[in-house]
Amino acid sequence: MKFGCLKNRVSLAIRLVFLCGLFASAPLTIAESADSAVVLMYNRFANEKHPTTSLSIEKLAAHIKELKSGAYNIIPLPELVDALTEKKPLADRTVIITMGDAYQSVYNYAWPMLKEAGFAFTVFVTTHPVDTGQAGYLSWDKLKKMADDGVTIGAKTHTLGRLATQDKERIEWEIKTAAALLRAKLNIRPASFAYPYGQASKTTQRAAQLAGYKIAFGQHSGVLHRLTDRFFLPRFFLNDTYGDISRFRTLINAQPLPAFDVTPPNPLLPATSNPPNFGFTVAADLAGLEHLACYHSAIGKLAVQLLGKSRIEIRFAKPFAVGRSKINCTMPGTNGRWRWLGMQYYVPGP
């Protein structure tokens with residue numbers, strides 16, 4: 001199966017998808033869709049001042065204990081990059097651990113616990129607060145110590161600006177400035193990138209690709225697979241509210257809802273396309289679509305229309321509100337597991 005730019009392109013929409021680095025092709029089968037991974041995202045730890053972005057040490061310990069049970073394939077992020085770009089197989093229940101923004105609590109709490117467990121993880125670094133010594137963030141010296149010890153360093157932007165709505169010149173400056181600091185301070189050229197707040201657009205995706213990154217992450221839930229947009233990969237976010245062990249087990253055992261030809265493909269939603277005509281196509285032999293349920297973060301459960309055997313369409317009566325909107329679609333998988341697809345759209349303000 002070919003992933004990337006194919007000679008036989010079915011439509012203009014799919015051609016645009018290919019140009020932005022998506023894995024699109026002929027309908028895949030369920031056997032192929034098992035080649036997938038769950039990516040976890042943490043930010044802070046043991047920080048009561050930021051409960052929406054922090055996880056307690058007790059819950060982190062429970063997560064690590066579950067991951068150590070032997071049922072999961074914990075791999076470093078570079079192995080995922082190789083698997084996606086070199087078409088190498090991914091084992092069932094593959095899990096990758098990532099951290100956002102390079103907070104001090106990652107060094108104080110998460111690193112020692114994950115190191116003791118023997119688990120690799122990645123820190124996506126926002127360079128301005130690190131470079132200026134902002135309180136609560138890691139220093140370059142501590143990041144270098146972690147990197148020298150085997151922690152993978154991923155890139156974000158220089159500041160935490162909302163990249164999706166910035167002009168091309170500012171986007172390129174944010175990406176290039178961060179990359180230059182990571183080279184100068186750590187002698188590292190990361191292969192992976194993460195958008196601030198998970199907000200992307202086709203312009204930001206293209207800029208990340210042209211900057212030399214091989215994959216890029218948003219902050220929407222879901223299980224990535226071979227057809228997932230390589231420059232808008234999902235991650236499950238864990239905090240104290242959404243980090244109990246029951247939910248954690250559901251997430252790390254989740255299976256992909258193998259979808260392609262997602263519309264609209266642009267995560268930035270302009271006023272002229274709001275509300276969007278949302279839809280996607282699934283594997284031709286995927287059984288049980290009658291049990292598919294989709295939800296919008298502000299609206300709740302959505303009316304799902306099945307066209308033929310494999311095309312899902314959803315229509316909205318009202319425009320999305322300004323800011324982030326997340327759509328999650330789930331359905332029963334095999335052996336008591338759940339299939340999960342997520343997408344995030346960002347509506348700019350006036």
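Residues numbered from 1 in each chain as written. Predicted model: local features only at pLDDT ≥ 70, side-chain atom pairs only at ≥ 80, totals over all residues. Heavy atoms only, no water.

S.K.: Could you clarify how one ought to interpret the overall build of the protein chain in this entry?
M.R.: Along its length, the protein chain carries 10 helices and 20 strands. Relative to a compact globule of 350 residues, whose C-alpha radius of gyration would be 20 Å, the protein chain shows 19 Å and is just as compact. If you line up the protein chain on its principal axes, its C-alpha atoms span 55 × 45 × 40 Å. Looking at the protein chain as a whole, 55% of its 350 residues qualify as buried. If you take every contact in the protein chain between residues at least 6 apart in sequence, the share linking residues at least 24 apart comes to 66%. Counting every atom, the protein chain has about 15300 Å² of accessible surface; 52% of that belongs to carbon and sulfur. Charge centroids of the protein chain, computed over 41 positive and 26 negative side chains, lie 3 Å from each other. (Helix = DSSP H or I, 4+ residues; strand = E, 2+ residues; numbered from the N terminus. Rg over C-alpha atoms; globule rule 2.2 N^0.38 Å. Buried < 20%, exposed > 50% of the residue type's maximum accessible area, 1.4 Å probe, protein only. Contact = heavy atoms within 4.5 Å. Areas by Shrake-Rupley, 256 points an atom, 1.4 Å probe, with all protein chains shown as cover. Lys, Arg positive; Asp, Glu negative; His and termini not counted. Charge placed at Lys NZ, Arg CZ, Asp CG, Glu CD.)

S.K.: I tried to follow the pattern of salt bridges on my own but got confused; where do I start?
M.R.: Oppositely charged side chains can pair when the atoms bearing their charge come close. Under the defined criterion, the tally for this structure stands at 12 salt bridges. With a shortest N-O distance of 3.1 Å, D92 and R337 are connected by a salt bridge. Of this pair, D92 sits in the loop between α4 (77–86) and β5 (94–101) while R337 sits in the loop between β19 (323–332) and β20 (338–347), and the two are 245 residues apart along the sequence. Take D92: its relative accessible area is 42%, and that puts it in the partly exposed class. Overall, R337 belongs to the buried group, its relative accessible area being 8%. (Salt bridge = Lys/Arg side-chain N within 4 Å of Asp/Glu carboxyl O.)

S.K.: Would you mind going over the packing of aromatic side chains with me for this structure?
M.R.: A ring pair, where both rings are aromatic, is described by two values, the distance of the centres and the angle of the planes. According to the stated counting rule, one finds 11 aromatic pairs in the structure shown. Centre to centre, the rings of F124 and F217 are 5.8 Å apart; their planes meet at 65°, and the pair counts as edge-to-face. Remark: F217 occurs in strand β9 (residues 215–217) and F124 occurs in strand β6 (residues 122–125); sequence separation between them is 93 residues. Residue F124 is classed as buried on the basis of its relative accessible area of 0%. A centroid spacing of 4.8 Å and a plane angle of 90° characterise the contact between F316 and F320, whose relative ring orientation is edge-to-face. Both residues of the pair, F316 and F320, belong to the buried class. Aromatic rings pair up to connect F193, Y195, Y213 and F232 into one cluster. A cation over an aromatic ring shows up here: K142 above the ring of Y107, its NZ or CZ 5.0 Å from the ring centre. Directly above the aromatic system of Y197 lies the positively charged group of R162, at a separation of 4.3 Å from the ring centroid. (Phe/Tyr/Trp six-rings, centres within 6.5 Å; stacked < 30°, edge-to-face > 60°. Lys NZ or Arg CZ within 6 Å of the ring centre and 35° of its normal.)

S.K.: How do you make sense of the pairing of strand β1 (residues 36–42) when you look at a structure like this?
M.R.: Within a regular strand, the side chains alternate between the two sheet faces. Of all seven residues in β1, seven are buried; the element is thus mostly enclosed. A two-sided burial pattern is seen for β1, the buried positions comprising S36, V38, L40 and Y42 on one face and A37, V39 and M41 on the other. Both β1 and strand β10 (residues 224–225) contribute to a ladder of two bridges, which runs antiparallel. Within β10, the residue paired with S36 across the bridge is H225. Here two bridges tie β1 to strand β11 (residues 236–237), and the two strands are oriented parallel to one another. Each residue of the ladder has a partner; that of L40, found in β11, is F236. (Pairing = 2+ DSSP bridges.)

S.K.: Even after reading the chapter, I still don't get the layout of surface pockets, so can you show me in this structure?
M.R.: The rolling of a water-molecule-sized probe over the atoms marks out the regions of remaining empty space. Of the voids in this model, the largest pocket is the one considered here, and its volume is about 710 Å³. Around the largest pocket, the lining comprises 23 residues; the ones closest to its centre are T52, Q219, F237, R324 and K326. At three residues, the largest contribution of residues to the lining of the largest pocket is made by β19. Here the residues of the lining of the largest pocket are counted per class, giving eight nonpolar, nine polar and six charged. In this structure, the second largest pocket occupies an estimated 150 Å³ of space. Surrounding the second largest pocket, R44, N47, H50, Y103, Q104, S105, N108, Q134, A135, G136 and Y137 form its lining. (1 Å grid on protein atoms, 1.4 Å probe; cavity = no way out; pocket = protein on both sides within 12 Å on 5 of 7 lines; lining within 4 Å. Points joined across faces, edges and corners; volume = space filled by probe spheres on them. Nonpolar A, V, L, I, M, F, W, Y, C, P; charged D, E, K, R; others polar.)

S.K.: So what exactly am I meant to see when it comes to the side chain of Q344 here?
M.R.: As for its placement among the helices and strands, Q344 is situated in strand β20. Among the polar contacts made by the side chain of Q344, one reaches the main-chain carbonyl oxygen of G198 at a distance of 2.9 Å. In this structure Q344 touches Y197, G198, Q199, Q219, H220, F232, P267, R324, S325 and K326, once residues within four positions along its chain are discounted. (Polar contact = N/O pair within 3.5 Å; in protein donor to acceptor, adjacent residues only side chain to side chain.)

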